[in-house]
Amino acid sequence: MRNHLPLLLVLAAAPLQAQQPRALTADDYARAERFMGYNTNQLVSNGAVRPVWLPDGRFWYRNQTANGTEFVMVDPVRRSREVSAEAADLARSDSTAARGRRRADPALANSAISPDSTKAAFIRDYNLWVRDVATGRETQLTTDGVANFGYATDNAGWTKSDRAIVLWSPDSKKIATYQQDERHVGDMYLVQTRPGHPELEAWKYPLAGDSVIQMIQRVIIDLDGPRVIRLQMPPDAHRSTLCDHIVCGGRWADVEWSPDATQLAFVSTARDHRHEWVRVADARTGAVREVFDESDPYFLESGFNKINWHTMWQSNELLWYSERSDWGHLYLYDLASGRLKNAITSGNWKVLQVLRADSSNRTIWFTASGKESGDPYFQHFYSVRMDGSHLTALTPDSANHEIAISPDGRFFVDTWSRPDAPPVSQLRDMTNGRLVVDLERADISRLTATGWRPPMPIMVKARDGRTDLYGLLYRPASFDSTRRYPIINHIYPGPQVGSVGSRSFSAARGDNQALAELGFVVVEIDAMGTPMRSHSFQAAYAASMGDNGLPDQIAGMRELAQRYPWIDIDKAAIWGHSGGGYAAADGILRYPDFFKVAISEAGNHDNREYEDDWGEKWQGLVMPQANGHNSYDDQANQNLAKNLRGHLLIAHGTTDNNVPPYNTLLLINELIRNNRDFDLLLLPNRRHGFGNEPYMIRRRWDYFVRYLLGAEPPFEYEMHPPATPGFRPGTQAGP
């Protein structure tokens, strides 16, 4: 008798067959790839204006139209704008000059050119030298520089270069610099992989908690002699008022010469960034006097992406930035006595960047956020008198404003946009913001014809149920509100920057839109602990970095799912790079019931294994605790390894000289010890910035498609970005 399967079993098998995940095809990935920046950026015409100012007050700019490139000349006085052959000639001339600079005399490489362009300061054998540009004659300025105790050297551990870090005096006769002492700082080791013997990289890289960090001994060098004047003060910690390095924005931070080169003003910052001293040195004797100091229980900063303190030697005053009121504002001090004269700005909003300060007409121009209605991250432009009067808004539109001021201070180019509105560029008057000339209005018709849609601005509540948080949400071009979409959180936790970044228009923000095209909702939320709002907002989890703003991310995602039924909150994932890689792994380990899938790229998983300045600014100094642990234990991801239940992909470059790969190895070791399954991608000879490599992007897509969407990705899909001359993945620089 023939055997027959029971009818019940046959019926039960049918729906299982129907529920098998569908496979995505190469065509699906190709449709998603259309939304990568290398495909979308070129579809925007008449974009943001980048002016090149001329000595006569005019400026020209390059404009990319739908039909090609045009060059435009603008005369602010005549209020004229015209496509110009003269502008095209100037552009060609600038391009030729730029090529010439790239092919310049190799002897000038890594040199610092004097203001009068006649001299170049450079490092040789740990000492500072100067070279006469015209004759090539070289003069040794210092003689006692040795290995790891050299003059003008540029090494913060996580970043280093051979540039000479100096500040020339205005008369080109003196140099302010330092002798960097790292003789007893611990070493970092990386190994370049190749056939045969590997190549060892070793350099000084201080870690949080080290007993010895890099210190700088400040000096002034008078070229007449030459003579080295050592400032009469103890060495300073290798710190700045703004960034993780004493070089911020390409220049030596917190140092300013007086116009007559007799005085040098500077700010010393404590190792933990909680105390700062404003000081002035006599350039002839090296005598140092303290003007005033300031402290904070969390951390001190001098602005947002720009140092805002400035000496106004003509009036013997100091412009100072402080968050003492819980909001970033400007204050005026007497430079001689250190006495506070008056607050210049005040209120529940934040000064971001001082762009111009004119002590003769007693006016300051600056950008700020949070003063106008709408998204508090929109940057607006203002002027104010130094006595705090006549605060004037110069940019009327509710948008994010990028400002370029004319050298004579009479006009500014205002390019404004929003994530969901393309840029408009206008020339305005610096006095009152009056419109002078309309320049460009971006055309995105070719972009929208592809099915592109802008990200959706969102506002949700933080963990406390009261604080408003802002972000962006991305949906597929073929969005169907009757479907349910898994949700992916793209995170950068702060504290120095958030997940969203600039609020200006961008045709592509990384691969967020492309990733959404595969069948996801992607969300970015600027959680508590990120900048551009109040001091307490940014310090929300100071000294508790393991928080990473994750309670806010989860609260926001849950609120979005309640608001939009097309979000499947039971299929939640998270990914990020660098600090975002740290937060992504932290998310799936700390909240395993919420996050089902995570991708962690180049994460600083334990800040005791990362550069000293970053961790000690935000987490504080490493302090022992009574239980035998220390104050950094709770921020270390490896201590949470036992919690892993979902799918975790960890990626790291093997020669990451920013976040050393040992951060990841610490986490991996504990995952293995706790018998947890995970996926690992090590990229040989990659530095920190591998996240934008096509291979990494494709693997990221594959991972979410397979484990969050429940589908099979196409086999080894190959992305096709434009070729980049000279690019080799193993040498890609970090962001």
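Below, the structure is looked at part by part.

**So, the packing of helix H2 (residues 26–33) against helix H12 (residues 694–709)**
Following both chains from N to C, one finds H2 and H12 inclined at 120°, their axes separated by 13 Å at the closest point. One element, H2, and the other, H12, form an angle in the oblique class. Both H2 and H12 take part in a crossing whose hand is right-handed. Across the interface between the two elements, Tyr29, Ala32 and Glu33 of H2 pack against Arg698, Trp701, Asp702 and Val705 of H12. A breakdown of the residues in the contact of H2 with H12 according to their chemical character gives four nonpolar, no polar and three charged.

**What about the packing of aromatic side chains?**
The tally for this structure, following the rule as stated, stands at 24 aromatic pairs. Seen in terms of ring centroids, phenylalanine 479 and tryptophan 566 are 4.8 Å apart; in terms of plane orientation they differ by 80°. Their pairing is edge-to-face. Within this pair, whereas phenylalanine 479 is found in the loop between strand S38 (468–474) and strand S39 (485–490), its partner tryptophan 566 is found in the loop between helix H8 (550–563) and strand S41 (567–577), the two being separated by 87 residues in sequence. Assessed through its relative accessible area of 7%, tryptophan 566 is described here as buried. Every member of this aromatic cluster is reached through a ring pair, and the members are Phe479, Tyr485, Tyr564 and Trp566. Its end group placed over the ring of tryptophan 349, lysine 371 keeps NZ or CZ at 5.9 Å from the ring centre. Its guanidinium or amino end placed over the ring of phenylalanine 537, arginine 533 lies 4.3 Å from that ring's centre, counting from NZ or CZ.

**A closer look at the sheet that holds strand S1 (residues 52–53)**
Pairing is antiparallel across the open sheet formed by four strands, whose spatial order is S1-S2-S3-S4. Unpaired on one side and paired on the other, S1 and strand S4 (80–83) mark the two borders of the sheet. The pairing of strand S3 (residues 68–75) with S4 spans four bridges and is antiparallel. Note that in S4 the partner of aspartate 75 across the bridge is serine 80.

Cut-offs and rules
Residues numbered from 1 in each chain as written. Predicted model: local features only at pLDDT ≥ 70, side-chain atom pairs only at ≥ 80, totals over all residues. Heavy atoms only, no water. Axes fitted to C-alpha atoms, helices over the stretch in contact; angles between N-to-C directions. Helix = DSSP H or I, 4+ residues; strand = E, 2+ residues; numbered from the N terminus. Parallel < 35°, antiparallel > 145°, perpendicular 65-115°, else oblique. Left-handed = near helix turned anticlockwise from the far one by under 90°. Contact = heavy atoms within 4.5 Å. Nonpolar A, V, L, I, M, F, W, Y, C, P; charged D, E, K, R; others polar. Phe/Tyr/Trp six-rings, centres within 6.5 Å; stacked < 30°, edge-to-face > 60°. Buried < 20%, exposed > 50% of the residue type's maximum accessible area, 1.4 Å probe, protein only. Lys NZ or Arg CZ within 6 Å of the ring centre and 35° of its normal. Pairing = 2+ DSSP bridges.

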